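Each chain is listed here by its residues.
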Amino acid sequence: MLYQAACVPCERMAAKPQTLQPGDFYLSPEGFMVFTEQYHLRRGSCCKSGCRHCPWGFDQANRKAPRRPSNG
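Residues numbered from 1 in each chain as written. Predicted model: local features only at pLDDT ≥ 70, side-chain atom pairs only at ≥ 80, totals over all residues. Heavy atoms only, no water.

**Topic: empty space enclosed by the protein**
Part 1 of the reasoning: This structure, assessed with the given rule, holds one cavity of 30 Å³ or more.
Part 2 of the reasoning: Reported here for the largest cavity is a volume of approximately 50 Å³.
Part 3 of the reasoning: Around the largest cavity, the lining residues are His 40, Arg 43, Ser 45, Cys 46, Cys 47, Lys 48, Ser 49, Gly 50, Cys 51, Cys 54, Trp 56 and Phe 58.
Part 4 of the reasoning: Among the residues forming the lining of the largest cavity, the class breakdown is six nonpolar, four polar and two charged. (1 Å grid on protein atoms, 1.4 Å probe; cavity = no way out; pocket = protein on both sides within 12 Å on 5 of 7 lines; lining within 4 Å. Points joined across faces, edges and corners; volume = space filled by probe spheres on them. Nonpolar A, V, L, I, M, F, W, Y, C, P; charged D, E, K, R; others polar.)

**Some points on the pattern of salt bridges**
Part 1 of the reasoning: Using the criterion set out here, one finds one salt bridge in the structure.
Part 2 of the reasoning: Two residues, Asp 24 and Arg 42, come together in a salt bridge whose shortest N-O distance is 2.6 Å. A residue pair is termed long-range when its members are at least 10 positions apart, and Asp 24 in the loop between helix 1 (2-13) and strand 1 (25-27) and Arg 42 in helix 2 (residues 37-43) qualify at 18 residues.
Part 3 of the reasoning: On the basis of relative accessibility, which here comes to 0%, the residue Asp 24 falls in the buried class. (Salt bridge = Lys/Arg side-chain N within 4 Å of Asp/Glu carboxyl O. Helix = DSSP H or I, 4+ residues; strand = E, 2+ residues; numbered from the N terminus. Buried < 20%, exposed > 50% of the residue type's maximum accessible area, 1.4 Å probe, protein only.)

**Overview of the environment of Phe 25**
Part 1 of the reasoning: As for its placement among the helices and strands, Phe 25 is situated in strand 1.
Part 2 of the reasoning: A relative accessible area of 35% places Phe 25 in the partly exposed class.
Part 3 of the reasoning: Taking the C-alpha atoms as reference, Phe 25 lies 8.8 Å from Glu 37; in sequence the two are twelve residues apart.
Part 4 of the reasoning: Leaving out residues up to four positions away in the same chain, Phe 25 has contacts with Leu 20, Met 33, Val 34, Phe 35 and Thr 36. (Contact = heavy atoms within 4.5 Å.)

**Details of the side chain of His 40**
Part 1 of the reasoning: Along the chain, His 40 turns up in helix 2.
Part 2 of the reasoning: Given the relative accessible area of 6%, His 40 is considered buried.
Part 3 of the reasoning: Non-local contacts of His 40, meaning those with residues more than four positions away in its chain, are made with Phe 35, Ser 45, Cys 51, His 53, Cys 54, Pro 55 and Trp 56.

**Focus on the packing of aromatic side chains**
Part 1 of the reasoning: Considering all chains together, one arrives at one aromatic pair under this definition.
Part 2 of the reasoning: On the numbers, 4.4 Å between centres and 20° between planes, the contact of Phe 35 with Tyr 39 is stacked. (Phe/Tyr/Trp six-rings, centres within 6.5 Å; stacked < 30°, edge-to-face > 60°.)

**Looking at unusual backbone geometry**
Most peptide bonds take the trans form, and the phi angle of most residues other than glycine is negative.
Part 1 of the reasoning: Of note in the backbone geometry, Lys 48 takes a positive phi value of approximately 60° without being a glycine.
Part 2 of the reasoning: Note on placement: Lys 48 falls in the segment after helix 2.

Structure below.
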């Protein structure tokens, strides 16, 4: 019982998938789906995957901590 109670907040903290909207992604010449800054901002947090358009400025090579996105 204690285990279940402790895990409930973790489930609520997980990022929820967002419905894709126009402008959320494009296809690269290699055929990969690339998410735009618009999508990442709506998602609301950095996934620390080194995304091309990360508004938090996460640097995959240096594993630098994300920053708050600018309001501009």
